[in-house]
Amino acid sequence: MPTAVLTPYWVNGVQRLKVESRTIDPPPRGYTPPALNPSLHVQRCLEQLRSKDKNIEKYIFLSHLKNSDEDMFYKICLEHMHEITPLIYTPTVGDACLQFSHIYRRPEGLFISIKDKGRIGQILRSWPRKDEARISVVTDGSRILGLGDLGLNGMPISIGKLSLYIAGAGIRPKSSIPICIDVGTNNQKNLDDPLYLGLRQKRISDAEMTDLMDEFMHEMKLTFPKLLVQFEDFSTEHAFHYLERYRRQYPVFNDDIQGTGCVVLSGFISAAKLASEAAGTPLTEQRILFLGAGSAGVGVAEQLLSFFTLHDVSPEEAKSRIYLADSQGLVYDARGPLAEHKKLFSRHDYQGPPLKDLVDIIHHVKPTALFGLSTTRGAFTREVIEAMASINARPIVFPLSNPVSLSECTFEEALEWTKGTVIFASGSPFDDVTFNGKQRYAGQGNNMYVFPGLGLGAILCQAQQVTFCMIEGAALALADSLTDEERAEERVYPQLDRIRDISALIACRVIRAAQKVFVDQNIAIRGMSDAELLTYVKMKMWKPQI
Ligand SMILES: NC(=O)c1ccc[n+]([C@@H]2O[C@H](COP(=O)([O-])OP(=O)(O)OC[C@H]3O[C@@H](n4cnc5c(N)ncnc54)[C@H](O)[C@@H]3O)[C@@H](O)[C@H]2O)c1
Ligand SMILES: O=C(O)C[C@H](O)C(=O)O
Ligand SMILES: [Mg+2]
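Residues numbered from 1 in each chain as written. Chains lettered and ligands numbered in written order. Predicted model: local features only at pLDDT ≥ 70, side-chain atom pairs only at ≥ 80, totals over all residues. Heavy atoms only, no water.

(A) Expanded view of the site of ligand 1. Of all residues adjacent to ligand 1, which total 25 residues, the nearest are Arg143, Thr236, Ala293, Ser295 and Gly445. In the environment of ligand 1, an oxygen atom lies 2.6 Å from a nitrogen or oxygen atom belonging to the side chain of Arg143. Between Ser374 and ligand 1, the recorded distance is 3.5 Å, taken from a backbone N or O atom to a nitrogen atom. Taken by itself ligand 1 offers 850 Å² of open surface, and the protein chains cover 85% of this. Of all elements in the fold, only α12 (255-279) and α13 (295-310) reach the threshold of two or more residues within the shell around ligand 1. When grouped by side-chain class, the residues that make up the shell around ligand 1 number 6 nonpolar, 16 polar and 3 charged. Counting contributing residues per domain, the shell around ligand 1 is built from domain 1 (2-26 + 38-250) and domain 2 (258-445), each supplying no fewer than three. (Near = heavy atom within 4 Å. Polar contact = N/O pair within 3.5 Å; in protein donor to acceptor, adjacent residues only side chain to side chain. Areas by Shrake-Rupley, 256 points an atom, 1.4 Å probe, with all protein chains shown as cover. Helix = DSSP H or I, 4+ residues; strand = E, 2+ residues; numbered from the N terminus. Nonpolar A, V, L, I, M, F, W, Y, C, P; charged D, E, K, R; others polar. Domains from an automatic or database assignment.)

In structure tokens:
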């Protein structure tokens, strides 16, 4: 089958790019060793991968494999999800971003810079597979995981998320476009690095950025009419601003606000069921404290608020169960001027002195669940976790900051400090642990469980917008996807190696939600029964040809 291939080459140190159509039929006799057989070659690739000591070397090996033998790369991903995901995604992708300008070998995706203003359309139109384009992950590198502003070095985040779309939901590889928007960086270390690949200037003003984004989104729509855009790792204000600015106009969602909201709501529903078996507190009477009030913290809080209100809890009552704390402590009205995105959850009912210490905040709030989205390693100290355990038979503790080096606490710490009562999930993966003779599983509360299925659903029904109900449908489908066995093992998220099945269920629920409010354009699938729709979705998933 002929496919368009981008081949970089170098002339006198200057990179050129060949856009060619290449056939990937078996090569002529004599071009491959006689005993090369595909299943053994999988073993050979795995052996080469496992022989590398450092995760960043494994990342580089896998990147190379993806570019040279896509089918093999995705076959290995799918068959070894637990081993490969942490290498192509969180946490190793964090190192890949930090070192991107040093490990860069070949182009993958598009770099759009402020210098391209006025001719973004021209650049986009040079993309060789315009008609096939369905999904793009776009970052401006301004808040990469919890690592801060990495500028153009944020590109591996877009690449890594798209690899998970392909592995996790069977989106066709050729339909994905990783994009990094380079509008400078305020990261002095990058600016001083002679190998840094981005523009050597500070970030542009908000007004200039919005002008650029308007042109970018407009040209994206013109060039790729069927494209869904996922915004990723934009700094807080920009994340909220651009989601609000474009969500009614284009099919777009913000992964950190909405994908995270979805995945944490789903894990919370499962965790609260377990906790209420021990304490009897109904789901809608849980009290949730967030450490971190940025795009992720507030995104999750908004998702919880809407979930409670759908369950006959008044908005005021629902809001009263949610507390935010940021770097200055509890967020409350009398504290002084607040950023716009924090206002909805600011407490009216606290007038005392600033509550800065997390243990003091826990004693004041008496939360049943504590979520960390604070980018602060070790913020859940022994005292914090013990305080949670002292007021809850089964405390829910989710340290969700990424990468793993910034996790608010480790799985072992949470188990030890609660004497095993904790119900735990983290943003980055932790190994399973045997504690007091019982096998315990660390759920991975990471938006990777949701965005592949959400994207697949939106693409298949040709959604004109990604509505709030589509996001909520994805969260509920994920919560429902736990098997009886997984529930009996006290897992709050399903096992990762079932990701394709989970993505199919999420996609179906997303499609139904889109159909309900008529934002779908693929009318041919409207009349399908649920069983037919599931078969259709699974049939549409791309599979590696090995
Ligand atoms: N698990 C997931 O799926 C997932 C998804 C999105 C983001 N995240 C992680 O969440 C973290 C935050 O992301 P974001 O987009 O909200 O970032 P952000 O920059 O928008 O927000 C960070 C928040 O943390 C607060 N904070 C910083 N230092 C603190 C401290 N010492 N104590 C208390 N609060 C502190 C800040 O005041 C701010 O409110 C990142 O590490 C990111 O990797 C995880
Ligand atoms: O990228 C991840 O691992 C999750 C999330 O989008 C984040 O920004 O941390
Ligand atoms: Mg992110």
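What follows continues from the structure just given.
(B) Expanded view of the packing of aromatic side chains. This model, assessed by the stated rule, comprises 18 aromatic pairs. The interplanar angle of 50 degrees and the centroid separation of 5.0 Å between the aromatic rings of Tyr165 and Phe451 together place this pair among those described as tilted. Of this pair, Tyr165 sits in helix α8 (residues 155-169) while Phe451 sits in helix α18 (residues 451-460), and the two are 286 residues apart along the sequence. For the pair formed by Tyr165 and Phe451, the shared burial category is buried. Relative to Tyr493, the ring of Tyr449 lies with its centre 5.5 Å away and its plane at 15 degrees, an arrangement referred to as stacked. Of this pair, Tyr449 sits in the loop between β16 (443-444) and α18 while Tyr493 sits in the loop between α20 (484-488) and α21 (499-516), placing them 44 residues apart in sequence. No difference in accessibility class separates Tyr449 from Tyr493, as the two residues are buried. Within the aromatic cluster, the residues linked to one another by ring pairs are Phe268, Phe290, Phe307, Phe308, Phe371 and Phe398. Between Arg347 and the ring centre of Tyr323, over which it is positioned, the NZ or CZ distance is 3.7 Å. Geometry around Tyr441 places Arg491 over its ring, the cationic atom sitting 3.7 Å from the centre. (Phe/Tyr/Trp six-rings, centres within 6.5 Å; stacked < 30°, edge-to-face > 60°. Buried < 20%, exposed > 50% of the residue type's maximum accessible area, 1.4 Å probe, protein only. Lys NZ or Arg CZ within 6 Å of the ring centre and 35° of its normal.)

(C) Seen up close, the coordination of the magnesium ion (ligand 3). Distances from the magnesium ion (ligand 3) to its protein donors, Glu232 (OE), Asp233 (OD) and Asp256 (OD), fall at 2.0 to 2.1 Å. Site description for the magnesium ion (ligand 3): donor spacing in sequence, E-D-x22-D. Within this pair, whereas Glu232 is found in strand β6 (residues 228-232), its partner Asp256 is found in helix α12, the two being separated by 24 residues in sequence. Like Glu232, the residue Asp256 is buried in the burial classification. (Donors = N, O, S within 2.8 Å, 3.2 Å for Na, K, Ca; no water.)

(D) Up close: unusual backbone geometry. Geometrically, the link from Thr90 to Pro91 is a cis peptide bond, its omega value of 10 degrees lying close to zero. Looking at the secondary structure, you find Pro91 in the loop between α4 (81-88) and α5 (92-98). A cis amide bond links Asn402 with the next residue in sequence, Pro403, at an omega value of -10 degrees. Phi at Asp312 takes a positive value of approximately 65 degrees, unusual for a residue other than glycine. For Asp312, the location among the structural elements is in the loop between α13 and α14 (315-320). Phi at Phe518 is positive, roughly 55 degrees, even though this residue is not glycine. Along the chain, Phe518 turns up in the loop between α21 and α22 (530-540).

(E) Broad picture of the site of ligand 2. By nearness alone, every residue bordering ligand 2 is listed as Tyr89, Thr90, Arg143, Leu145, Lys161, Glu232, Asp233, Asp255, Asp256, Asn402, Asn446 and Asn447. Between ligand 2 and Asp233, the relevant distance is 2.9 Å, taken from an oxygen atom to a side-chain nitrogen or oxygen of the residue. Here an oxygen atom of ligand 2 and a side-chain polar atom of Asp256 are 3.0 Å apart. Burial of ligand 2 by the protein chains amounts to 93% of its free accessible area of 260 Å². Grouping the constituent residues of the shell around ligand 2 by class yields 2 nonpolar, 4 polar and 6 charged.

(F) Spotlight on the pairing of strand β4 (residues 135-139). The buried fraction of β4 amounts to 5 of the 5 residues, a majority that puts the element mostly inside the structure. Burial of the side chains of β4 extends over both faces: Ile135, Val137 and Thr139 are buried on one face and Ser136 and Val138 on the other. Once the chain exits β4 it traverses α8 before rejoining the sheet at strand β5 (residues 176-182), and the crossover so formed is right-handed. As paired elements, β4 and β6 share 5 bridges and run parallel to each other. Note that in β6 the partner of Ile135 across the bridge is Leu228. (Right-handed = clockwise from strand over helix to strand, strands pointing away. Pairing = 2+ DSSP bridges.)

(G) Quick peek at the UniProt feature "binding site: (S)-malate" (unreviewed entry) in the protein chain. Here, UniProt's "binding site: (S)-malate" (unreviewed entry) annotation points to Arg143, Asn402 and Asn446. Secondary-structure assignment places Arg143 in the loop between β4 and α8. Side-chain polar atoms of Arg143 contact the backbone oxygen of Leu145, separated by 2.7 Å. Along the chain, Asn402 turns up in the loop between β12 (396-399) and α17 (411-417). In this structure Asn402 touches Thr90, Leu145, Gly146, Gly427, Ser428 and Asn446, once residues within four positions along its chain are discounted. (UniProt positions renumbered as here; feature names shortened; annotations may be inferred. Contact = heavy atoms within 4.5 Å.)

(H) Fine view of α12. With 25 residues, α12 ought to run about 36 Å at 1.5 Å a step, and its terminal C-alpha atoms sit 33 Å apart, in line with that. Within α12, 20 of the 25 residues are buried, leaving the element largely enclosed by the surrounding structure. Near the N-terminus of α12, the side chain that reaches the backbone nitrogen of Asp256, with its oxygen 2.8 Å away, is that of Asn254. Once α12 ends, the next one or two residues include Gly280, with phi positive near 80 degrees. (Expected span 1.5 Å × (residues − 1).)

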